[in-house]
Amino acid sequence: MPPTAVTPVQRPARRSPRRAEAADAGTVSVRAVRRADLEQVIAIDTAVTGIEKRAYWASVYRRYGTAGRGEQKFLVALAGGQVVGYVIGEVRDWEFGSPPCGWVFAISVDPQARLAGIGTRLLEAITAGFRRAGVTKLRTLLARENRLILSFFRAQGLMAGPLMSLEMDLST
Ligand SMILES: CC(C)(COP(=O)(O)OP(=O)(O)OC[C@H]1O[C@@H](n2cnc3c(N)ncnc32)[C@H](O)[C@@H]1OP(=O)(O)O)[C@@H](O)C(=O)NCCC(=O)NCCS
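Keep in mind it's a predicted model, so treat the numbers as computed, not measured. (Residues numbered from 1 in each chain as written. Predicted model: local features only at pLDDT ≥ 70, side-chain atom pairs only at ≥ 80, totals over all residues. Heavy atoms only, no water.)

Re helix H2 (residues 38–49)
Because the α-helix completes a turn every 3.6 residues, residues three or four places apart line up on one side. Here H2 contains 12 residues, and its C-alpha end-to-end distance of 16 Å stays within 8% of the 16 Å for a straight helix at 1.5 Å per residue. All of the buried residues along H2 are Leu-38, Val-41, Ile-42, Ile-44 and Asp-45. Each buried residue of H2 sits inside an arc of 160° when the element is viewed along its axis, so together they form one side. Note on H2: the residue one or two positions beyond its end, Gly-50, has a positive phi of about 80°. (Helix = DSSP H or I, 4+ residues; strand = E, 2+ residues; numbered from the N terminus. Expected span 1.5 Å × (residues − 1). Buried < 20%, exposed > 50% of the residue type's maximum accessible area, 1.4 Å probe, protein only. Arc of directions from axis to C-beta.)

Here it is as structure tokens:
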């Protein structure tokens, strides 16, 4: 199947101070999330989505942060001692009739730290973990209209896969 055409998304004109600091100092590191990181993770998510979801993040941390040292992954990127991004995913076995593969559920970078390679570092780190877990396929789902995340994933080499999403309205 030919690749889907992607409408270019607006790129910021200049690098922000935080972005420059993250990139130029070469100090970005990626590691498993710790409880003390959670406030900064919530702050990034709130800035990106406009909705603060504390109960949701507590639950994500319980499932992927504390228990998640094996097939569940919740990683953060740090620059200058600050959390500047996170990625969450999991190895899922035989769901949707698919052999085991690594799913990325969420990836987000602080808007002030973007276009410095941090998203790429996060995806590389979770992908390395999936490889160590023995899987050879990476999958994700995204909203069709989210051109930014689509541009990012396409730049990482992800292509349209064989699964399709279906849904129906349950409110009526
Ligand atoms: C997508 C996202 C994670 C990328 O993070 P990032 O640190 O800026 O990404 P990188 O700097 O590693 O960019 C890697 C490549 O992605 C593509 N890309 C990233 N941002 C882009 C933009 N604004 N426009 C076009 N392409 C872009 C580029 O090809 C880029 O490589 P290049 O800079 O060499 O051209 C970040 O923009 C983000 O958090 N977006 C919102 C997240 C979101 O919507 N999440 C919902 C689903 S979980």
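Picking up after the structure, the text goes on.
Some details on unusual backbone geometry
Even without glycine at this site, Trp-94 takes up a positive phi of about 60°. Here Trp-94 lies in the loop between strand E3 (82–92) and strand E4 (101–109). Judged by relative accessible area, Trp-94 falls into the exposed class, the value being 57%. Phi is positive for Phe-96, close to 60°, though the residue is something other than glycine.

Describing the nonpolar core
Membership of the largest hydrophobic core comes to 21 residues, with the highest contact counts inside it found for Ile-107, Ile-118, Leu-123 and Phe-153. Those elements that provide at least two residues to this core are strand E2 (72–79), E3, E4, helix H4 (118–132) and helix H5 (147–155). The dominant element in this core, judged by the number of residues it contributes, is H4, at five residues. (Core = buried A, V, L, I, M, F, W, Y, C linked by side-chain atoms within 4.5 Å.)

Observations regarding the sheet that holds strand E1 (residues 29–32)
By way of backbone hydrogen bonds, the strands of a sheet pair with one another, either parallel or antiparallel. In spatial order, the strands read E1-E2-E3-E4-E5; together these five strands make up an open sheet with mixed pairing. In the strand order of this sheet, the two ends are held by E1 and strand E5 (138–140), each with one partner. Shown here is a sheet whose adjacent strand axes are inclined to one another by a mean of 30°, direction ignored. Relative to E3, E2 runs antiparallel, the two sharing eight bridges. Pairing of Ala-77 across the sheet is with Gly-85, part of E3. Strands E2, E3 and E4 of the sheet are contacted by H2, whose axis makes an angle of about 90° with E3. Along the sheet face, H4 touches E1, E2, E3, E4 and E5 and points at about 160° away from the line of E4. (Pairing = 2+ DSSP bridges. Axes fitted to C-alpha atoms, helices over the stretch in contact; angles between N-to-C directions. Contact = heavy atoms within 4.5 Å.)

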